[in-house]
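Results of the structural survey
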Amino acid sequence: SSGINAEYGHYETFSRPYDRPVYEAHPSTAYNYSRTHSDRTVQAYPISRDHSRDRDYGRDRSPLRSTGEHTHKDIYVDDCYTKHVIGSKGSQIAKIRRLSGADIQIAKDDTVQNGERKISISGRRSEIDSALKLINEAIADKIKIDRKNSSGVGNVPCEFDYVNELFDRICAVIPFSDIHDNDTTVTEEEVIIPNTDTATVIGPKGIRIKDMRNYTKCAIKIQDDKDVTGDERRVNVRGTPRQIHRAIFMIKNITKVMR
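These lines cover the structure that appears in this document, whether it is placed above or below. (Residues numbered from 1 in each chain as written. Predicted model: local features only at pLDDT ≥ 70, side-chain atom pairs only at ≥ 80, totals over all residues. Heavy atoms only, no water.)

**Describing the nonpolar core**
Side chains of nonpolar character tend, in soluble globular proteins, to be buried together. Ranked by size, the top nonpolar core spans 25 residues in total, and within it M212, I220, V235, V237, F249, M250 and I251 carry the most contacts. Looking at this core, the elements that each hand over two or more residues are α4 (165-171), β8 (187-194), α6 (207-216), β9 (219-222), β10 (232-239) and α7 (241-253). Counting residues in each nonpolar core, the second largest holds 17 residues, with I119, A131, I135 and I143 among its members. (Core = buried A, V, L, I, M, F, W, Y, C linked by side-chain atoms within 4.5 Å. Buried < 20%, exposed > 50% of the residue type's maximum accessible area, 1.4 Å probe, protein only. Helix = DSSP H or I, 4+ residues; strand = E, 2+ residues; numbered from the N terminus.)

**A short note on the packing of aromatic side chains**
Under the definition given, this model contains 4 aromatic pairs. A centroid spacing of 5.3 Å and a plane angle of 40° characterise the contact between F167 and Y215, whose relative ring orientation is tilted. Of this pair, F167 sits in helix α4 while Y215 sits in helix α6, and the two are 48 residues apart along the sequence. Accessibility classification places F167 together with Y215 in one group, the buried group. (Phe/Tyr/Trp six-rings, centres within 6.5 Å; stacked < 30°, edge-to-face > 60°.)

**Brief notes about the pattern of salt bridges**
For the structure shown, the criterion picks out 8 salt bridges. Residues D109 and R117 are paired through a salt bridge, measuring 2.8 Å at the closest nitrogen-oxygen approach. R234 is the salt-bridge partner of E190, the closest N and O atoms lying 3.4 Å from each other. Of the two residues, E190 is situated in strand β8 and R234 in strand β10; the sequence distance between them amounts to 44 residues. Residue classification places E190 among the partly exposed residues on the basis of a relative accessible area of 46%. (Salt bridge = Lys/Arg side-chain N within 4 Å of Asp/Glu carboxyl O.)

**Description of the sheet that holds β10**
On the basis of which strands lie adjacent, the open sheet formed by 3 strands has the order β8-β10-β9 and antiparallel pairing. The open sheet has two edge strands, β8 and β9, and neither has a second partner. With direction set aside, neighbouring strand axes in the sheet form an average angle of 20°. Where β9 lies against β10, 4 bridges are found, and the strand directions are antiparallel. Looking at β10, one finds that A219 is bridged to R238. Where α7 meets the sheet, its contacts fall on β8, β9 and β10, and the angle it forms with β10 comes to roughly 150°. (Pairing = 2+ DSSP bridges. Axes fitted to C-alpha atoms, helices over the stretch in contact; angles between N-to-C directions. Contact = heavy atoms within 4.5 Å.)

**As for the sheet that holds strand β6 (residues 103-106)**
Strands pair in a sheet through their backbones, by hydrogen bonds, and they do so in one of two ways: parallel or antiparallel. Spatial ordering of the open sheet is given by β5-β7-β6, a layout of 3 strands whose pairing is antiparallel. Of all strands in the sheet, those with a lone pairing partner are β5 (70-78) and β6, marking the two edges. Strand-to-strand twist of the sheet, defined as the mean angle between neighbouring strand axes without regard to direction, takes the value 20°. Note that β5 and strand β7 (residues 116-124) share 9 bridges and pair antiparallel. Residue pairing in the sheet places D74 in a bridge with S120 of β7.

Function-wise, these values are silent; they only describe arrangement.
So this is what it looks like as structure tokens:
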């Protein structure tokens, strides 16, 4: 404002404090107020807004979205089960692929070693687990058929559930040579292992020794600590010759792939 100073008789400009305007924010919107260095200009802008109308708002744009993690697994199946896993004109393997969603490839005849054939499974973890379950079921059906028809002496029994992860891991490092012996006489053999390998053979809460017993169908007994003298201990294995052969292979070589 301005006016005449009566005392000094000249025109003079008067200054008074500037009243800053007040803005009322919208009830649903928070505002951030800022002012310039002159304290004369007031700007108001929202610090948040409704993003729901934005393009792609809330969408997961990760490259692995809903695809899952793909992995690969190789298993080895006794070749006497291969035809049953494949089925007539490929019907069984086609069904397993369709139900599991996994990609399953069966090795060619010229790659069979020691009477075992490799089956490669690729896909998500859940798809691989489903494929393994279906393959096991197909093999179990064949085992039931073999047991019903096993009265003939000339047949070599397929007595193992060949889809066993522990056995496959050992075979991936140590070559295994099976024996095709139809002798069903139960015998007992003894194998010596270092004391330092005992915990590895038994596994956490006995999980590995239980797995070997279930897989090989052998009775496996490890010498008690109180009876051990020296740095070694005995492991008694009881079963058929073919069962014992597989069990001893696993006991001796498990420490080479697991600790």
